[in-house]
Amino acid sequence: MKRLLPLLVFSLAATTPAQLTSAERKGVGDALFIGNMSERDLEYERRPFNDKYRLALTNLALDKPLDAADMLMRLHQSGQTKSLAAAIRSARGVLGDPASLTIVNAGHPSDRSLHRLPSGLREPIKKLVDAVNDCNGLIKRATAQLRADEARYLIEALPLYANEEPSIKFGYTSRVEYDAKRVLALIDKIDLVGIRAAGEMLASRVEALRPKLEHASQSAFNLKLTINGLRVDVSGTGDDVHDDKDAAIVVDLGGNETYRGRAGAGVGYAAVLIDLGGNDTFDLPDLNAGAGILGVGLVYDIGGHDSFRCKSLSLGCGLAGVGGFYREGGKDTYESVSLAEGFGEFGLGIMIDTAGDDRYDGAFNVQGAARTGGVGWLIDLGGDDAYRAGGLVLNSPLFEKVHYSNAQGYGSGYREDTGGTSGGIGLLTDFAGDDQYVGETYCQAASYWFSIGSLYDSGGNDTYTAYHYAQASAMHMTGAYLFDLAGDDAYIVKLGACHAIGHDYGVAFLLDRAGMDLYAAHDSRPATGNANGLAIFIDAAGDDRYFGPVGAGNAARGSGSLAIFCDLGGTDKYADGLADGQATTRDTWAVALDGIGNASSTGGPAIANQEKPVPGSQTMPGDAEMQKIYAKATQWGVGTAQQEVADNIARLIAIGKPALQWMMDKRLATADRLQIRAFVAVINGIGAEGRQLIAPKVGSDSVEESRIALRIATDANVKEAAPFLPAALAKPALQRQAAAAAGALGSRESIPALQPLTLSQDRLTALNAVVALGALADISSLSTAEALLSSPELPIRKAAISLIAKFPNEGTDIAKRSLANSDERLSRSGVEILGAIGSTEALGLIGRLIGSGGTGLRISALLALNGRVPQEYRTAVLDARKDNDPLVRAVALRIDLGR
């Protein structure tokens, strides 16, 4: 760690700080305190094995999970610079490489072939050739201890070793077997640090040359040259087809290109592809476009909307080398098979897409995946993106029809009972957009055997969908970290092992910083420690929904497991095991805490950290100043504007009635939803005088004023508006909204107008009227309600039943009349009425029906008596459990007789 920490601070110092907030750290600390623990208790031993390939960040995750979370967030954040060289530098840092580079500035002779190029291209192409030759010199020095046959063995065997999947073949080799021990022995003979340094150097030089290339030529031409020993393919602005498989450098200055050969793939050497415009199509075989095996392969593709149909070993794949792929602009589609879209082992595989709504489709070991000694990193800086991984390699015998994904922030080592070989660091970083992540197993921040898998999404309303082993799933002495920093997100898993599960000393960490989120899975238990593992789950804000009990620490090896669940804000709902503002502990060392006293993140403008304003304490300013105050008070109150909204709402309240009168006179008829929220906040702040001021507007002659006033009165519970509602009900355009308000505001004056509206052709108006009559509970509405029992609209029938049941004596008589009706639905409604009344007489009347009548009536009777069957009818219920009618029998079997 002494080597890693200073380097990362140096590498990432210029980036925007990203780490756990003090509130998030405190939430974890509070949860630990409830369980009589402290942050130090997160550091129990989780490393039963050690090997020389273990990365320092993996050890940090296992030893100090919160510190590792901070470091990973900084690493992800560093990816937002539009530079492949910078991303390589950050990845080198996390592998512990020294920050300094060995820069080669050897002299290179000029070549007569350069004179065939347009004059503006000669200097940048010469410098590009020199950079590639310099990189080749570093690669040659780094691999000097390998014989030619050993290098060839690694080039053919490394992809097989990375996949461990014989069904995946590679077009450039017929090899199907490999010796893992020989692979590792040969890897130990390579200066991997030197190759990674060569990759950063070459990327830096290419990026420095880009401006000159972009302005060099606007003509159409195509030249294939040999310059200082390198095959160079240079094209102008025409539409070209590139099918050369031997060019070390391909430069295309524009046009709609088709790529079918091999470009930007470094196999024991360095190769560069630069495409500077057009809508291009890449239809490529294995080992291509940003792949490096014992070498460096870089691609820079700028502009246009491009389509990439690649096989394996492409789009940022580094195997004992550096593979870099940089795509700037456009809506793109990416298709690959394996070891692509950001995959690294013993090297760096980095893919960057800077903008556009992109589609990533890969099968296996893709989209930010890594194995031993490597970093695989996929970075997308913007757009609504879709990531899909899986569909090729069955996860058998565990599942019959479900596949491995090994993607979307996935790291893996090689498991053996004696310790095996540690894995790498797989990262997926997405900075903006409403994104979709779709995978099967081992994806979306998942890891296996001494490795790191991490997904970081900093913006947008995102959807995560997987089958199993996903969404912060750490299996066996490993770390899985998922960070989602904004938006309303959905985390869906079809089976389990998800939502922060640390298994067999694994460390799982899930942070969702903001938004209204949904967590659902067949076996979801957010924050599960299993087999001595550790799980930390933090949802920092928002009104969230959990469809599984939270916090589980399972016993193992005569000891326990640690799970920390923290929901720190919002109004949350849990299916089981916790409720808003509660905390609990569970076996063995599980703690679940829902933050106490936190307000909903979706309510009206909050007035935070200030005294409650006193209405009338400030004088009324001029019209121009009022317009400024109102504009600030009616912004969307989030982020940096939140306090400004609150401050100006408070100022309007302090001005008091004059401010509200100004708002009504100037803005009421045109108020939008944010302005309506401001009206509500100001009225509530002023109190009774504010409610009295707005109330008459409900009956305004202006339909638009009345419509907005109805919304404000309903939201602010302005009961003073009740006398004015009949005027609104008289306007056809307002009847639906006014009917809803009448019940909420207790407008008994509206009862005569509501009764005929129950027959309105507008079904929602009719329903609102019935519901309002039910809320007002006036006995004069009973005849209307009885008539509505025959309504074809289910909601209206149910609302009528609810209204009738509020009058037990009269309701029982109505129920008896309904029971006598030949219409089965109406007679069953009579049973529902009696059940809702629940009196002794009503339950007795229901009990008589259990053994008589049609199937529907008997079923309704059983359901109505559930949990409260009168003593004299219990035998009838027991008999119904043996009834010849299977539906009656099925219902009866679930009936609770009661006490």
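This structure is a prediction, so every number in the text was calculated from the model and none was measured.

*Asks:* Explain the pairing of strand E4 (residues 249–252) to me, please; I cannot follow it from the model alone.
*Replies:* Each regular strand carries side chains that alternate between the two faces of the sheet. Here E4 shows a buried face lined by Ile249 and Val251 and a second buried face lined by Val250 and Asp252. When strand E2 (residues 230–235) meets E4, the two strands line up parallel, connected through four bridges. Opposite Asp233, over in E4, you have Val250 as the bridge partner. Two elements, E4 and strand E7 (residues 270–275), share four bridges in a ladder whose sense is parallel. Residue pairing for E7: Asp252 is matched across the bridge by Asp275.

*Asks:* Is there a simple way to explain the layout of surface pockets in this structure?
*Replies:* Where empty space is left can be seen by rolling a probe of water-molecule size over the atoms. In this model, the second largest pocket occupies a volume close to 460 Å³. Surrounding the second largest pocket, 24 residues form its lining, Glu164, Arg371, Gly413, Tyr414 and Arg415 being those nearest its centre. For the lining of the second largest pocket, the elements supplying multiple residues, two or more each, are helix H7 (148–163), helix H8 (180–187), strand E19 (364–366), strand E23 (404–407) and strand E24 (410–412). Of the residues belonging to the lining of the second largest pocket, the class tally is 12 nonpolar, six polar and six charged.

*Asks:* So what exactly am I meant to see when it comes to the sheet that holds strand E40 (residues 552–553) here?
*Replies:* Strands belonging to one sheet form pairs held by backbone hydrogen bonds; the direction of such a pair is parallel or antiparallel. Taken in spatial order, the 11 strands of this open sheet run E6-E9-E12-E16-E20-E24-E28-E31-E34-E37-E40, and their pairing is parallel. The strands lining the two open edges of the sheet, one partner per strand, are strand E6 (265–267) and E40. With three bridges connecting them, E6 and strand E9 (residues 291–293) associate as parallel partners. Its bridge partner lying in E9, Gly266 is registered against Gly292. Packed on one face of the sheet, H7 meets E6, E9, strand E12 (317–319) and strand E16 (343–345) and runs near 110 degrees to E16.

*Asks:* Got a minute to help me understand helix H19 (residues 763–776) in this structure?
*Replies:* Residues lying three or four places apart along an α-helix face the same way, a consequence of the helix completing one turn every 3.6 residues. When the terminal C-alpha atoms of H19 are compared, their 20 Å separation across 14 residues agrees well with the 20 Å that a helix rising 1.5 Å per residue should span. With 10 of 14 residues buried, H19 is to be regarded as a mostly interior element. Taken together, the buried positions of H19 are Thr765, Ala766, Leu767, Asn768, Ala769, Val770, Ala772, Leu773, Gly774 and Leu776. Where H19 is buried, its residues meet helix H17 (735–744), helix H18 (751–757), helix H20 (782–788) and helix H21 (794–804). Between a side-chain oxygen at the N-terminus of H19 and the backbone nitrogen of Leu764 the separation is 3.2 Å; the capping residue is Asp762. In the segment just after H19, Ala777 is the residue with positive phi, at about 50 degrees.

*Asks:* Looking at this structure, I do not really get the pairing of strand E33 (residues 490–498). What am I missing?
*Replies:* Relative to E33, strand E30 (residues 463–470) runs parallel, the two sharing six bridges. Residue pairing in the sheet places His468 in a bridge with Gly496 of E33. Direction of pairing for E33 relative to strand E36 (residues 518–521): parallel, over a ladder of four bridges. Along E36, the bridge assignment pairs Ala490 with Leu518.

*Asks:* Just checking my understanding: could you explain the packing of aromatic side chains for this structure?
*Replies:* Two aromatic rings, taken as a pair, are described by how far apart their centres are and by the angle between their planes. As enumerated under the stated definition, the model contains 37 aromatic pairs in all. Both rings, one in Tyr53 and one in Phe346, keep their centres 6.1 Å apart while their planes meet at 70 degrees; by these two values the pair is edge-to-face. Of this pair, Tyr53 sits in the loop between helix H2 (22–34) and helix H3 (56–63) while Phe346 sits in the loop between E16 and strand E17 (348–353); the two residues are 293 residues apart in sequence, bridging distant segments of the chain. Ring centres 6.1 Å apart and planes at 75 degrees place the aromatic pair Phe565 and Tyr574 in the edge-to-face group. For the residue pair Phe565 and Tyr574, the accessibility class agrees, reading buried in each case. The ring of Tyr44 carries Arg46 above its face, with NZ or CZ at 4.4 Å from the centroid.

*Asks:* Sorry if this is basic, but what is going on with the packing of helix H10 (residues 623–633) against helix H11 (residues 642–655) here?
*Replies:* When two helices pack together, their arrangement is given by the angle between their axes and by how far apart the axes lie. Contact pair H10 / H11: the axes reach a minimum separation of 7 Å and the direction vectors enclose 135 degrees. For the element pair H10 / H11, the angle class is oblique. Our pair here, H10 against H11, has a crossing hand that is left-handed. Along its contact with H10, which presents Glu625, Met626, Ile629, Lys632 and Ala633, the element H11 presents Glu644, Val645, Asn648, Ile649, Arg651, Leu652 and Ile655. Residues that form the contact of H10 with H11 fall into these classes: seven nonpolar, one polar and four charged.

The rules behind each value
- Every chain is numbered independently, its residues counted from 1 as its sequence is written.
- Since the coordinates come from a predicted model, pLDDT governs what is reported: local features require at least 70, and pairs of side-chain atoms require 80 or more to be given and counted, while whole-chain, interface and lining totals use all residues.
- For the side-chain quantities, the full set of heavy atoms in the structure was used; hydrogens and water were omitted.
- For every residue, the accessible area (1.4 Å probe, protein chains only) is compared with the maximum for its type, and the residue is labelled buried under 20%, exposed over 50%, or partly exposed between those bounds.
- To qualify as a helix, a DSSP run of H or I must reach at least 4 residues; to qualify as a strand, a run of E must reach at least 2; elements of each kind are numbered from the N terminus.
- Strand pairing is assigned whenever DSSP detects at least two bridges linking the two strands.
- Cavities and pockets were defined on a 1 Å grid built from protein atoms only: a cavity is a group of points that admits a 1.4 Å probe but offers it no way out, a pocket is an open group of points flanked by protein on both sides within 12 Å along at least five of seven lines, and a lining residue is one with an atom within 4 Å of any such point.
- Grid points are joined across faces, edges and corners, and a volume is the space filled by probe spheres set on the points.
- Each residue receives one of three labels: charged for Asp, Glu, Lys and Arg, nonpolar for Ala, Val, Leu, Ile, Met, Phe, Trp, Tyr, Cys and Pro, and polar for the others, Gly being one of them.
- Residue contacts are defined here by distance: any two heavy atoms, one from each residue, within 4.5 Å place the two residues in contact.
- Only the stretch in contact is used when a helix axis is fitted, and all axes are lines through C-alpha atoms; the angle between N-to-C directions ranges over 0 to 180 degrees.
- To estimate the expected span of a helix, subtract one from its residue number and multiply by 1.5 Å.
- Throughout this description, a polar contact denotes any pair of N or O atoms lying within 3.5 Å of each other; where both atoms belong to protein, one of them has to be capable of donating a hydrogen while the other can accept it, and for residues adjacent in sequence the pair is counted only when both atoms sit in side chains.
- Any two of the Phe, Tyr and Trp rings considered here, Trp counted by its six-membered ring, make a pair once their centres fall within 6.5 Å; the pair's planes then place it as stacked at under 30 degrees, edge-to-face at over 60, or tilted in between.
- Comment: the charge-over-ring label is applied if NZ (Lys) or CZ (Arg) is within 6 Å of the ring centre and within 35 degrees of the ring normal.
- Convention used here: angles under 35 degrees read as roughly parallel, angles over 145 as roughly antiparallel, angles from 65 to 115 as roughly perpendicular, and any remaining angle as oblique.
- A clockwise turn of the near helix away from the far one marks a right-handed crossing, whereas an anticlockwise turn of less than a right angle marks a left-handed crossing.

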